[in-house]
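Chain by chain, the residues:
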Amino acid sequence: MALATSAVHAQTAPAADDKDAAAPRAQDDKVRLGTITVVGSGGKLGTGMMLNDDSVKGRSTITKAAMEKELGTGNVLQSIAQLPGVNTYNYDATGMFGGDVSIRGFGSDQIGFTVNGVPVNDSGGYAFYAQEMIDKENVCTASVAQGSPELESPNSGATGGAVSMITCDPTDKRRVRFTQTLGGLNLNRTFVRVDSGRFANDMAKVFLSYSHAAVDKWKGVGKAKKDHIDAGFSLDLNEDNKILGSILYNRMVNQNIWSVSKAQIAANGYYFDYAPTFTPLKTPGAGAQTDVVQSPLYYGMALNPFKNVIASVSGSFKVAKDTYLKVQPYMWYGFGNGGWSQMILDETGAAAVSSSSGSSLLGGAVDINGDGDKLDKVAVARASVTKTNRPGITAELSTTLGNHYLKAGLWFERAQHIQTQPAVRINSDGIPADIWLQDGCIQRADGSCYEGRNTKTISTVTQVYLNDQITLLNDRAFVNFGLKLPSVTRDVSNYRNESGNLSYTVNPTTGALVGGARLYQDYNIKRTFHEVLPQLGARFNLDAKQHVFMNVSKNFRAPPNFAYFGSYVGFVNRNGTAAAEPIVDIKSETSVMVDAGWRFQSRDVTISATLFNSDFKNRQVQATDPNTQVSTYVNAGGVKNRGLELEIGSGVFNGFSAYGSLSLQKSTIKEDLKVTTTGFLPIGGKQFGKTPEKMAALSLQYEQGPIYARLKGKFTGSQYADLMNQELVPSYTTLDLDAGYKFANWGMLKSPQLRLNVSNIGNKRYLSASSIITNAANTTLKGSGANYTPSTEFYYLGAPRLTTLTFSVDFE
């Protein structure tokens, strides 16, 4: 975990002169923990994509000045795409269908994401869903710490870096903003934000915004619909005491975009997707009837409905001279589903409960289709439902003693994560009877619901940290010592469901597990993970414009909750009684990150160069357990990654400004992967998957008077989709255009503006691997000489050109 940047009085290098002091600069947020704010105008440097920053580690920030020129439907992954170290893609051009990202080779489930200081990775499996967060118009900064999160940041699953998003505070003046976007693929979006301005003796201000958006998929049939509400308040009790709060609500109903293999593209074309028409099911009637599962799945069933709320209140209070208490309680709520499929349920009860050809319900025969008999094999729709209640609190006490800035902090969270998999009947039009899976479940004979999974996870996190930031040599030198002590408990309860768990006996000679019958029972597994995470950072000012920095930190990721249910768990008979236990009791992931760099900072040009090295251990992956030959969750060795991240931003010269970044990295897998009792997949020395060795980005902007135009380009080098380096994903380059014209005010109508956004100007076709597989071709195992069967990689494809127009106006 990285060392936190210190308070501004301890962490900011001295300004060269008044001219350079006008350049925008990153500063620790005075209220929210683990976040930064911008001092100065973000648009005055690097087209709004760079700040002068005095952090002791590599960190990059994009400001509102850059994001407000982007398409309003976009998500944070699109905003940070040009920053060094960031390898990202989206499933479509609007950002409404989501996407994925890796930073320095670490995936999105190994990166800590926060919104206003609230952790927003999934509390169970650490997944991040970018399309669910904030409306773009309400985001003021998006900051990327490429190597490790801030010390105060509440993350229990970040072995990689961190991404922090901050909403804009309410404006000081009363205002109503209206924005309307129209574009290709029937894109239609309306956004309205109301700011109260200051009231209550200028102590308080609030804002409320609402947006509705809809767009068609770029391939196949279907669309995304989104309704979003953001609200925030600011209360200045006095100069030393302030409270900020926000509530972010999102409701989406999407039809998914299908990921496809290279073979499917070759056979069916670039636009191959879910089936556009529904194959009708049998009409219920007398006698035995057998439905057929449709493949590909009908698009109307490929659904992803989800709603969530992120609420927080942050307060900073002066409790003594130079001593402050920061407190932030928060709540994250989410409910929805995904992973829809069609499956066959056997009414007779004769089939195995878990069967690919037709599964029975626990409890025996049931008339599912209501035709009066129990003779049929009926197609139903099922999906994985998740409901999360995640309250937590962060707190910090800080004080200044001489040249020491001392901090002690605490994070506590207790997340309840309920995951089920009910099934419902399919309507005649192919749509599930209830897309939210709250009503009309397929019932067993006793009236309970069919469940393909049924788990409840209580994840409790307690974390304390200590920090000492020391200024030396008349503020020329700065040293940062930190220590973080996280404790994560996974308390997983699995309730009897139709998937069940395999049973095992122990071979008395070898100790290996020998598979037996499938059992359908409740169980509970509880594991606690502790780690000591020391940190050390330093900065030395060479002169008023240059400094060097260094940071060493240890990061940590507790195992995800799904490591303790489903096929990852078996009932093992060791002493005459079968008890549930993980097939493999995995360890926490850890990484040691080293950043060393140099910055030159002025108003005219800023350069940042960072050399980095990461040593990643106990990588958690799904692989074949060599003892049981079951695909399960295991620790699969480590990865080393080292490289250079360079970014440069210019000031504004006669309306022109520029930003560029370059990322060079070399990742190496450290060990072979054991997949049988004597056989190893020879991945040692190979390049890690989804980690391009070269990436580069360039943004050129002209902004003068009422006109602006910005051209952005991103080159993503070739990368492998598999650990054996057998399937190469080709390099590609994309270009985007943003332009606008600001009209003169007209009475109450202020700042009317027309914006043009064109994504993927060249209609470039490219592939982005949806996951990392072990091997893409038949491979001879080291040690045993046996053949290891390949897996198939599936890809998300580059969306074609999209053109949109946006009109916005303020009413004051």
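First, a word on what this report is: a plain description of the structure on this page. All values reported here derive from a predicted model rather than from experimental measurement. (Residues numbered from 1 in each chain as written. Predicted model: local features only at pLDDT ≥ 70, side-chain atom pairs only at ≥ 80, totals over all residues. Heavy atoms only, no water.)

**Some remarks on the environment of alanine 231**
Point 1. Summarising the element assignment, alanine 231 is placed in strand β15 (residues 223-238).
Point 2. Along the backbone, alanine 231 and aspartate 195 are 36 residues apart, and their C-alpha atoms lie at a distance of 9.7 Å.
Point 3. The contact partners of alanine 231, leaving out residues within four places of it in the chain, are Phe207, Leu208, Gly245, Ser246 and Ile247. (Helix = DSSP H or I, 4+ residues; strand = E, 2+ residues; numbered from the N terminus. Contact = heavy atoms within 4.5 Å.)

**Some details on the sheet that holds strand β30 (residues 578-582)**
Either a parallel or an antiparallel arrangement is found when strands of a sheet pair, and the pairing is made through backbone hydrogen bonds.
Point 1. Spatially, the 4 strands line up as an open sheet ordered β25-β24-β29-β30, and their pairing is mixed. Edge strands, defined here as strands with exactly one partner in the open sheet, are β25 (513-519) and β30. Each strand axis lies, on average, 35° off the axis of its neighbour in the sheet, ignoring direction.
Point 2. When strand β29 (residues 569-573) meets β30, the two strands line up antiparallel, connected through 5 bridges. Residue pairing across strands places valine 569 opposite proline 582, the latter belonging to β30. (Pairing = 2+ DSSP bridges. Axes fitted to C-alpha atoms, helices over the stretch in contact; angles between N-to-C directions.)

**As for empty space enclosed by the protein**
The gaps left among the atoms become clear once a water-sized probe is rolled over them.
Point 1. Within the structure shown, the criterion is met by 15 cavities of 30 Å³ or more.
Point 2. Empty space within the largest cavity amounts to approximately 670 Å³.
Point 3. Elements supplying a minimum of two residues to the lining of the largest cavity: α4 (76-79), β4 (86-90), β40 (707-716), β43 (732-742), β44 (749-759) and β49 (802-811).
Point 4. The residue makeup of the lining of the largest cavity, split by class, is 12 nonpolar, 14 polar and 7 charged. (1 Å grid on protein atoms, 1.4 Å probe; cavity = no way out; pocket = protein on both sides within 12 Å on 5 of 7 lines; lining within 4 Å. Points joined across faces, edges and corners; volume = space filled by probe spheres on them. Nonpolar A, V, L, I, M, F, W, Y, C, P; charged D, E, K, R; others polar.)

**Concerning the nonpolar core**
Point 1. Membership of the largest hydrophobic core comes to 51 residues, with the highest contact counts inside it found for Val76, Leu77, Ile80, Phe113, Val120, Phe128 and Val163.
Point 2. By size, the runner-up hydrophobic cluster in this structure holds 24 residues, among which are Ala224, Met252, Ile257 and Tyr270. (Core = buried A, V, L, I, M, F, W, Y, C linked by side-chain atoms within 4.5 Å. Buried < 20%, exposed > 50% of the residue type's maximum accessible area, 1.4 Å probe, protein only.)

**Some details on the state of the cysteines**
Here, disulfide denotes a covalent bond that connects the sulfur atoms of two cysteines.
Point 1. Here the structure, examined in full by the defined rule, presents 2 disulfides.
Point 2. Between cysteine 140 and cysteine 168 runs a disulfide, and the two sulfur atoms are separated by 2.1 Å. For the disulfide bridge between cysteine 140 and cysteine 168, the dihedral angle about the S-S bond is near 115°, and by the sign convention the bridge is right-handed. Highlighted residues: cysteine 140 in strand β9 (residues 139-145) and cysteine 168 in the loop between β11 (162-167) and β12 (175-183), separated in sequence by 28 residues. (Disulfide = S-S within 2.5 Å.)

**Thoughts on the pairing of strand β39 (residues 694-704)**
Point 1. With 9 bridges joining them, strand β36 (residues 656-669) and β39 adopt antiparallel strand pairing. Bridge pairing in β39 links alanine 658 to leucine 700.
Point 2. Relative to β40, β39 is paired through 10 bridges, and the arrangement is antiparallel. Paired with tyrosine 702 across the strands is alanine 709, a residue of β40.
Point 3. The hairpin turn running from β39 into β40, its antiparallel successor, is 2 residues long, and glycine 705 in that turn takes a positive phi close to 60°.

**Observations regarding the pattern of salt bridges**
A pair can form between side chains of opposite charge whenever their charged atoms are brought close.
Point 1. Using the criterion set out here, one finds 35 salt bridges in the structure.
Point 2. Across the pair aspartate 172 and lysine 205 runs a salt bridge whose closest N-O atoms are separated by 2.7 Å. Highlighted residues: aspartate 172 in the loop between β11 and β12 and lysine 205 in strand β14 (residues 204-216), separated in sequence by 33 residues.
Point 3. Across the pair arginine 390 and glutamate 413 runs a salt bridge, and its minimum N-O distance is 2.9 Å. Note that arginine 390 is positioned in strand β19 (residues 377-401) and glutamate 413 in strand β20 (residues 404-420), a separation of 23 residues in sequence. (Salt bridge = Lys/Arg side-chain N within 4 Å of Asp/Glu carboxyl O.)

**Some details on the side chain of glutamine 110**
Point 1. Within the secondary structure layout, glutamine 110 lies in the loop between β6 (106-107) and β7 (112-115).
Point 2. The residues contacting glutamine 110, other than those within four sequence positions of it, are Gly105, Gly157, Ala158, Thr159, Gly160, Gly161, Arg557, Glu589 and Phe616.

**Quick look at the environment of glycine 597**
Point 1. Examined against the element boundaries, glycine 597 turns out to sit in strand β31 (residues 589-601).
Point 2. Taking the C-alpha atoms as reference points, glycine 597 and serine 341, separated by 256 residues in sequence, lie 49 Å from one another.
Point 3. Not counting the four nearest positions on each side in its chain, glycine 597 is found in contact with His547, Val548, Phe549, Ala609 and Thr610.

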